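# Residue-level structural notes
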Amino acid sequence: MKLSVVGIGPGDKDYILPIAQQVLSEADIVIGYSYYFQFIEHLLKPGCECIGKELSEEEARAQLAVERCEDGKHVAVISSGDAGIYAMASLVYEYARLSANKDIELQTIPGISAFIASAGKLGAPLGHDFCCISLSDLMTPWSTIEKRILGAAMGDFVTSIYNPRSKKRFWQLERFREIFLQHRNPDTPVAIIRQVTRPDEQITLTTLEKMDTSLVDMFSLVMIGNSQTYTFQNFLVTPRGYLSRKPHTGQQIQDESFRQIQQQLKRTDLHPADQWAVIRCIHSTADFEYENLYESSLEAMTQWNLYLKQGGTIVTDVTMVQAGITKAFTQQYKTQVICYLNDPRVEELSIQEELTRSQAAIRIATEEHPTALFVVGNAPTALFELCDQLIDQKIKPAGIIAAPVGFVNVVESKLKLKAIPTVPYVLIKGQKGGSNVAASIVNAAFTLDSFYQTDTGI
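These figures come from a predicted structure and were not determined experimentally. (Residues numbered from 1 in each chain as written. Predicted model: local features only at pLDDT ≥ 70, side-chain atom pairs only at ≥ 80, totals over all residues. Heavy atoms only, no water.)

Another point: the UniProt feature "domain: Cobalamin biosynthesis precorrin-8X methylmutase CobH/CbiC" (unreviewed entry) in the chain. Sites flagged by UniProt as "domain: Cobalamin biosynthesis precorrin-8X methylmutase CobH/CbiC" (unreviewed entry) map to residues 252-446. Counting secondary structure, residues 252-446 comes out at 56% helix and 12% strand; the distance between its end C-alpha atoms is 19 Å. (UniProt positions renumbered as here; feature names shortened; annotations may be inferred. Helix = DSSP H or I, 4+ residues; strand = E, 2+ residues; numbered from the N terminus.)

Structure (structure tokens):
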């Protein structure tokens, strides 16, 4: 005894798969919804027994199919579309499991589902992830259906709706639309496909906001695009992403990172040059708090761009800052980057004057390069030394980048610099900072031109 569950496609005879045609031609008994026999009667062999049931008699069909299975008999149960999608396959298998006394040979023959046939008519709406949701709450609690609707909306799935609307169930589709509008653009493309592949086929293209639910009935399938879906001629197209691949080269990855950071910035008071510095700081730390920690004076970034392109000198407090400044920039503009921390004179001076090594290194550096751009990315004592020399008017630097990091005297050193209005500075407020942040600000100053030359600023 053999029991086949056969998907007969959406309606048109050309949409019945050859394997389904073969199985139906071999069946001795065919059971199904009476309306469906018009689509397959030409495939059945002479003498085949056809048993039609009403639309709501799914359980009766499944039970009868199992009961009619006998030795030497082949019983087929037909479903429109695919037999396993909102159709008879699962129910037939459940009843077969309950009939343990029968050794039934079971098989499911796939068919072209309504959403697949509709997708073909629409061109390419299923180019990316998609899902199907039935709005029928006869078997599934509406609370469960609503969770699935919310998941599809938030997950940006192209969504096909089965059982969208009937005379008694008229409000569910409106509720679906309401939930989707909370998470999708009102202009999201929507297609209503009625009687797909059948003589009365009708396709209506609209949008999520303008969708007229009165056009929808139980012979309709509704398909909603995702955030990338667009209309092209009379088609819907959902890109797979081939023309907008993820960045893969180092430069592409960096540029995309900058773009994403800029999209999330919130401050409106920043000069574009300062915004670029903030983007570079966040890029090196993945910490968006730097947007609010950043402070500058006297159009510092613009001044430093000119200074560095003219071959200015940079002095850093530690070698890690020195290493973080992009060598391609310093080579291009012949900019010298100096760190005196390992100079032989530093240890002697630090002992004699009871200074930290960083402070001693900065004191030596200021004597030899009083007009340099000083970059502090580690030691607050180095920043204190610069502040004292500014107060005593011993130096006239191109500017100071103040990004020492830590706990002791870090905040105080930055506040002291802020109180000196005569020097262009960029400082990172509070205890945060570091060598990577300090170097990022320098790299931002080098690259202001490339920032200004693009539409988005990047």
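Once that is clear, we can look at the nonpolar core. Counting residues in each nonpolar core, the largest one holds 73 residues, and the members touching the most others are Met301, Trp304, Ile314, Leu373, Leu417 and Ile441. Take this core: its biggest share by element is eight residues, from helix α17 (residues 435-446). Once residues within four sequence positions are removed from consideration, Ile314 is found in contact with Leu308, Ile325, Thr335, Gln336, Val337, Ile338, Leu373, Val375, Val442 and Phe446. (Core = buried A, V, L, I, M, F, W, Y, C linked by side-chain atoms within 4.5 Å. Buried < 20%, exposed > 50% of the residue type's maximum accessible area, 1.4 Å probe, protein only. Contact = heavy atoms within 4.5 Å.)

Turning our attention to the sheet that holds strand β12 (residues 230-232). Read from one edge to the other, the open sheet built from three strands follows the order β6-β13-β12, with strand pairing classed as mixed. The open sheet has two edge strands with one neighbour each: β6 (123-124) and β12. Relative to strand β13 (residues 235-237), β12 is paired through three bridges, and the arrangement is antiparallel. The residue of β13 that forms the bridge with Tyr230 is Val237. (Pairing = 2+ DSSP bridges.)

Right, let's talk about unusual backbone geometry for a bit. In this model, Gln195 sits at a positive phi of 50°, which is unusual for a non-glycine residue. Summarising the element assignment, Gln195 is placed in the loop between β9 (189-194) and β10 (202-207). Of note in the backbone geometry, Glu354 takes a positive phi value of approximately 55° without being a glycine. Structurally, the position occupied by Glu354 is in the loop between α13 (344-353) and α14 (357-368).

Let's shift gears to the pairing of strand β17 (residues 373-376). On β17, burial covers both faces: Leu373 and Val375 on one face and Phe374 and Val376 on the other are all buried. As paired strands, strand β15 (residues 313-316) and β17 are joined by three bridges and run parallel to one another. If you follow Thr316 over to β17, its bridge partner there is Val375. Here β17 pairs with strand β18 (residues 399-402) via four bridges, running parallel. Counted as the bridge partner of Phe374 is Ile400 from β18. Crossover β17 to β18 through helix α15 (residues 380-391) is right-handed. (Right-handed = clockwise from strand over helix to strand, strands pointing away.)

What follows deals with the UniProt feature "domain: Tetrapyrrole methylase" (unreviewed entry) in the chain. The positions UniProt marks with the feature "domain: Tetrapyrrole methylase" (unreviewed entry) are residues 2-211. As a span, residues 2-211 carries 29% helix and 24% strand, and end to end its C-alpha atoms are 46 Å apart.

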